[in-house]
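Coordinate inspection notes
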Amino acid sequence: MNESLINPFTLSHPTAVQTSLFAGAIFSRFDPTGRFIAAARLDGSAQIWDLETRGTIRTLDGHVKALTSIDWSHHSRYLLTSSKDWNILIWDLASPTNPPLRYNTLRFDAPVHSACFHPKNSQIVLALLSTGELYLCDTRKSHRTRAEILESILEDGEEEDENSGQGRARSPMTAARFDPSGKNIFVGNAAGYVLVFNTRTRIMVGRHKIIGAGSIKSMDFAKSGRRLVTNSSDRTLRQFSLSTYPTPLNETDAVSILETEWDAALKFSDPINRSAWHAMCYSPDGEWLAGGAADPAAHKIHVWDLANGGRLASALDGGREPLIHLHWHPLKSSMASTTNHGNILIWHCPSPERWGAFAGGFEEVDENVEYEEREDEFDIEDEAVISERKRKAEEEEVDIDTLLTGEQISAFDKRRGTQTPGHTGVSTPIGQPSHGDTALGGIDGGMLDLDAAWAEAEPDGDGPGAWKMKIIMDDSQD
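Because the structure is predicted, anything quoted here is derived from the model rather than measured. Within any chain, residue numbers begin from 1 and follow the written order of that chain's sequence. Owing to the predicted nature of the model, reporting of local features is limited to residues with pLDDT of at least 70; listing and counting of side-chain atom pairs is limited to 80 or more, with chain, interface and lining totals taken over all residues. Based on all heavy atoms of the structure, the side-chain values leave hydrogens and waters out of the count.

1. Regarding the overall build of the chain
The secondary structure content of the chain amounts to three helices and 33 strands. By residue count, 43% of the 478 residues in the chain fall in the buried class. Only heavy atoms enter the contact rule, under which two residues are in contact if any of them lie within 4.5 Å. Partitioning the intrachain contacts of the chain with sequence separation of at least 6 by distance along the chain shows that 50% fall at a separation of at least 24. Of the roughly 26500 Å² that the chain leaves accessible, carbon and sulfur atoms contribute 50%. Only DSSP runs of H or I covering at least 4 residues are called helices, and only runs of E covering at least 2 are called strands; the numbering of each starts at the N terminus. In this scheme, a residue with accessible area under 20% of its type's maximum is buried, one over 50% is exposed, and one in between is partly exposed, where area comes from a 1.4 Å probe on protein chains only. Computed by Shrake-Rupley with a 1.4 Å probe, the accessible areas treat only the displayed protein chains as cover when residues are assessed.

The following block contains the structure:
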């Protein structure tokens, strides 16, 4: 049904299953546009489904073992797949072939636990191995580096000595993600710490001990980047408000590490069954948090209302096929949950249709009523009357001497599709940077944003309108 009929004031969290995709998946993930969903399979292949046609449009077959993670680039051109076969493959969905061309291949010395793109440049990849090692891979021509991210374990004032073996042993890293801006890397380890590294310099700028938590299993950020939720081995989800971290100027710059103990602002758990959590995700506006319970006998999703103190809003039941993964739609109130049988359930929020949106004078009634037509309601107006009205409109004088105010000029430019900076009378097309902006992240306090400039150097060609995905349907599908 037409989305214009949906009343925006009734939208909340998803409450019912809209459709089911029989994809044979072990987990799935929406693309940034929300039209496609990528499904990872046990045989090492991945499929891209079109949610409008409910059919597969691409098949990516390049791994020999089960996939461990999938990630989309910021405008959906590239798709990353990591696997237990020690490889990360990056696929270019702009290629007309099926399967698409491999844009890049990254091979490691151990199975890959998870991997993800940098939010601003898909040529920068973060890879976490099953051995607890973390690597930042930069495939841009002017960089070409693969650097290991290491926790700083020396106390303040001590100097690093590789041969002495001084300091405590590093805990294995169990979860790693870029924050939404891409400036920092957040890493969870087996000791219950969250480590923060600057992406550009790979210097650790924060170390936080989560009170009462065990090993960190996964993390997720709100779209604003100011809130973080963690899933730990003690079967509790914890939400934290993030602070601002220092920005090192270069790789040798010494910065003071922000070391604190984190006490969660909000905690979420299943007080009845004490179930663990397979996955959790924020809604696009950050007002809802969904957690997929690791219930071996049912498909349970808990939804909490963050705007009202984190109270439990709903416990959704998706049947008897246990849940193994959960992902929220990037733009609307919809979720994709994957069952252990490989089915992908698409959840939505049923909303009453607002037929009054078709016309301002359209009136909705609960039951049929007899309509009384006015005598002149559908009379055709005489042509002489229409001509006389046009003649009078042409005779009206047009004022060309009065100067418009700045607000009137701005309103006129807005209707015309341009915007006027200040009151100079110069119009700038919407979407184009003005003279005070830069393409490298702007100026903040008179200093160039070094992290944004570093990440956006050498663009990856994944821009809006710069490419188009070719839809390839299988002949065996209806």
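Picking up where we left off.
2. What to know about the sheet that holds strand E27 (residues 323–328)
In short, DSSP must find at least two bridges between two strands for them to pair. Strand order in this open sheet of four strands is E1-E29-E28-E27, and the pairing throughout is antiparallel. In this open sheet, the two strands that pair with only one neighbour each are strand E1 (16–22) and E27. Averaged over neighbouring strand pairs, the angle between their axes works out to 20° when direction is ignored. In this sheet, strand E28 (residues 334–339) lies alongside E27 in antiparallel orientation, the contact comprising five bridges. Each bridged residue has a counterpart across the sheet, and for Trp-328 the counterpart in E28 is Met-335. Axis geometry follows a simple rule: fit a line to the C-alpha atoms, using only the stretch in contact for helices, then measure angles between N-to-C directions, giving values from 0 to 180 degrees.

3. Considering the nonpolar core
The definition of a nonpolar core used throughout is a set of buried Ala, Val, Leu, Ile, Met, Phe, Trp, Tyr and Cys residues joined through side-chain atoms within 4.5 Å. Ranked by internal contacts, the top residues of the largest apolar core, which has 18 residues, are Ile-48, Ile-70, Trp-72, Leu-79 and Leu-93. Listed by contribution, the elements that provide at least two residues to this core are strand E2 (25–30), strand E3 (36–41), strand E4 (45–50), strand E5 (55–61), strand E6 (67–72) and strand E8 (87–92). Excluding anything up to four places from it in sequence, Leu-79 contacts Ala-38, Ile-48, Leu-60, Ile-70, Asp-71, Trp-72, Leu-89, Ile-90, Trp-91, Leu-93 and Phe-117. Formed by 17 residues, the second largest nonpolar core is a distinct cluster that contains Cys-116, Leu-126, Ile-149 and Phe-197.

4. A closer look at the UniProt feature "repeat: WD" (unreviewed entry) in the chain
According to UniProt, the positions carrying the feature "repeat: WD" (unreviewed entry) are residues 30–59 and 60–95. Summarising residues 60–95: 0% helix, 56% strand, and an end-to-end C-alpha distance of 12 Å. UniProt positions are given in the numbering used here, feature names are shortened, and annotations may be inferred rather than shown by experiment.

5. As for the packing of aromatic side chains
Side-chain rings of Phe, Tyr and Trp (the six-membered ring for Trp) are treated as a pair once their centres are within 6.5 Å; stacked means planes under 30 degrees apart, edge-to-face means over 60, and tilted covers the remaining angles. Scanning the entire structure with this criterion turns up seven aromatic pairs. Relative to Trp-304, the ring of Phe-268 lies with its centre 4.9 Å away and its plane at 45°, an arrangement referred to as tilted. Linking Phe-268 in strand E22 (residues 266–268) with Trp-304 in strand E25 (residues 300–305), this pair joins segments that are 36 residues apart in sequence. The class of Phe-268 is buried, set by a relative accessible area of 1%. Look at Trp-304 and you get buried, because its relative accessible area is 4%. Members of the aromatic cluster, joined through ring pairs, are Phe-186, Phe-221 and Tyr-245.

6. Digging into unusual backbone geometry
Pro-99 follows Asn-98 through a cis peptide bond whose omega is 5°. Inspection of the secondary structure assignment puts Pro-99 in the loop between E8 and strand E9 (101–107). A positive phi angle is found at Ser-76, which is not glycine, with a value near 75°. Note that Ser-76 resides in the loop between E6 and strand E7 (78–83). The exposure class assigned to Ser-76 is buried, which follows from its relative accessible area of 3%. Even without being a glycine, Glu-458 presents a positive backbone phi close to 55°. By the element assignment, Glu-458 lies in the segment after helix H3 (450–456).

7. Side note on the sheet that holds E22
Hydrogen bonds between backbone groups are what pair the strands of a sheet, and the pairing can be parallel or antiparallel. Across the sheet, which stays open at both edges, the four strands sit in the order E18-E19-E20-E22 with antiparallel pairing between neighbours. Of all the strands in the sheet, just strand E18 (216–221) and E22 have a single pairing partner and so form its edges. Here the strands of the sheet are splayed against their neighbours by 20° on average, with no regard to which way each runs. Here E18 pairs with strand E19 (residues 227–232) via five bridges, running antiparallel.

8. Observations regarding the environment of Ser-181
Mapped onto the fold, Ser-181 is located in the loop between strand E14 (173–178) and strand E15 (184–189). In this structure, Ser-181 is in contact with His-118, Pro-119 and Lys-120, ignoring residues within four places of it in sequence. Among the polar contacts made by the side chain of Ser-181, one reaches the main-chain amide nitrogen of Lys-183 at a distance of 3.4 Å. Two N or O atoms count as a polar contact when they lie within 3.5 Å, although within protein this holds only if one can serve as hydrogen donor and the other as acceptor, and sequence-adjacent residues are included solely when both atoms are side-chain atoms.

9. Points about the pattern of salt bridges
We count a salt bridge whenever a side-chain nitrogen from Lys or Arg sits within 4 Å of a carboxyl oxygen from Asp or Glu. Taken as a whole, this structure holds 16 salt bridges when the rule is applied. The shortest N-O distance in the salt bridge between Arg-41 and Asp-43 comes to 3.8 Å. A relative accessible area of 22% means that Arg-41 is categorised as partly exposed. Put simply, Arg-35, Asp-50 and Glu-52 are held in one network by salt bridges that share partners.

10. Focus on the side chain of Arg-200
Structurally, Arg-200 is set in the loop between strand E16 (193–198) and strand E17 (204–210). For Arg-200, a relative accessible area of 12% corresponds to the buried category. There is a polar contact of 2.4 Å between the side chain of Arg-200 and the backbone oxygen of Pro-248.

11. Details of the pairing of strand E26 (residues 311–317)
In this structure, E25 lies alongside E26, joined through six bridges in antiparallel fashion. Residue pairing across strands places Asp-305 opposite Arg-311, the latter belonging to E26. In this structure, the hairpin formed by E25 and E26 is closed by a connection of five residues, where Gly-309 is found at a positive phi of approximately 75°.

12. A word on the side chain of His-299
Its location among the elements puts His-299 in the loop between strand E24 (288–293) and E25. Classification of His-299 as buried rests on a relative accessible area of 0%. Engagement of the side chain of His-299 in a polar contact is seen with the backbone oxygen of Glu-321, the distance being 2.9 Å. When sequence neighbours within four positions are dropped, the list of residues in contact with His-299 reads Leu-316, Asp-317, Gly-318, Gly-319, Glu-321, Pro-322, Leu-323, Ser-337, Thr-338, Thr-339, Leu-345 and Trp-347.

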